[in-house]
Amino acid sequence: MASVGPPSKQAIRSLYHNMLRSSQSFSSYNFREYFKTKTKDQFRAMQNETDPHKLRDMYADAVRDSTILRRSAIVNQLYGGWKLSIEVEKEPEEAFERGPN
């Protein structure tokens, strides 16, 4: 069996951007923020890894996580709930426009 080399930097970068894009497609704020943070942490660990065998294994895990993330985002979009108060854009208040008393 031939040994496969470590993934290229371009392949890692592409996977990173795909996972961030999938993370942003969650309709739930908490899921969106969690998966964005988890993706960044996972790829920071890959960036600091020097062992090519371990890097290859980490990349394979990230590819598996990417497919799971994509499927989960689709399901979350189908059954998304209400927006949180921090997600809702507020209109400027017109309460300050009062006439003389």
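Residues numbered from 1 in each chain as written. Predicted model: local features only at pLDDT ≥ 70, side-chain atom pairs only at ≥ 80, totals over all residues. Heavy atoms only, no water.

As a reminder, the rule being used: UniProt positions are given in the numbering used here, feature names are shortened, and annotations may be inferred rather than shown by experiment.
You'll find the chain entered in an unreviewed UniProt entry as Complex 1 LYR protein domain-containing protein, with Candolleomyces aberdarensis given as the organism. UniProt, in its Sequence similarities (unreviewed entry) section for the chain, records the words "Belongs to the complex I LYR family."

## Things to note about the nonpolar core
The criterion, for reference: Grouping buried Ala, Val, Leu, Ile, Met, Phe, Trp, Tyr and Cys residues that are joined through side-chain atoms within 4.5 Å yields what is termed a nonpolar core. The classification of residues rests on relative accessible area computed with a 1.4 Å probe and restricted to protein chains. Under 20% of the type maximum is buried, over 50% is exposed, and intermediate values are partly exposed. Think of it this way: any DSSP run of H or I at least four residues long counts as a helix, any run of E at least two long counts as a strand, and we number them from the N terminus. Contact criterion: two residues are considered in contact whenever any of their non-hydrogen atoms come within 4.5 Å of each other.
Of all hydrophobic cores here, the largest spans 12 residues; its members are Ile-12, Leu-15, Met-19, Phe-26, Phe-35, Phe-43, Met-46, Leu-55, Met-58, Ala-62, Leu-69 and Ala-73. When contributions to this core are tallied by element, the ones reaching two or more residues are helix H1 (9–24), helix H2 (29–48) and helix H3 (52–78). The element contributing the most residues to this core is H3, with five residues. Setting aside chain neighbours within four positions, we find Leu-69 in contact with Met-19, Ser-22, Ser-23, Phe-26, Phe-35 and Thr-39.

## With respect to the environment of Ser-27
Mapped onto the fold, Ser-27 is located in the loop between H1 and H2. Owing to a relative accessible area of 29%, Ser-27 belongs among the partly exposed residues under this scheme. Separated by 53 residues in sequence, Ser-27 and Gly-80 have C-alpha atoms that sit 5.6 Å apart. The contact partners of Ser-27, leaving out residues within four places of it in the chain, are Arg-32, Asn-76, Gln-77, Gly-80 and Glu-87.

## Some words on H3
Cut-off, in case you're wondering: Helix span is expected to be 1.5 Å times the residue number reduced by one.
For H3, built from 27 residues, the straight-helix expectation of 39 Å at 1.5 Å per residue is met to within 8% by its first-to-last C-alpha distance of 39 Å. Every buried residue of H3 is listed here: Leu-55, Met-58, Ala-62, Asp-65, Ser-66, Leu-69, Ala-73 and Asn-76. The inward-facing, buried residues of H3 abut H1 and H2.

## Some details on the pattern of salt bridges
In plain terms, the rule: We define a salt bridge as a side-chain nitrogen of Lys or Arg found within 4 Å of a carboxyl oxygen belonging to Asp or Glu.
In total, this model carries five salt bridges according to the counting rule given. A salt bridge links Arg-44 to Asp-41; its shortest N-O distance comes to 3.2 Å. With Arg-44 and Asp-41 both in helix H2 and three residues apart, this pair spans about one turn of that helix. Here Asp-41 falls in the partly exposed class, since its relative accessible area comes to 43%. Within this structure, Lys-38, Asp-61, Arg-64 and Asp-65 form a network of salt bridges that share partners.

## Notes on the environment of Arg-13
Relative to the helices and strands, Arg-13 resides in helix H1. Considered as a pair, Arg-13 and Phe-43 are 30 residues apart in the sequence and their alpha carbons are 9.0 Å apart.

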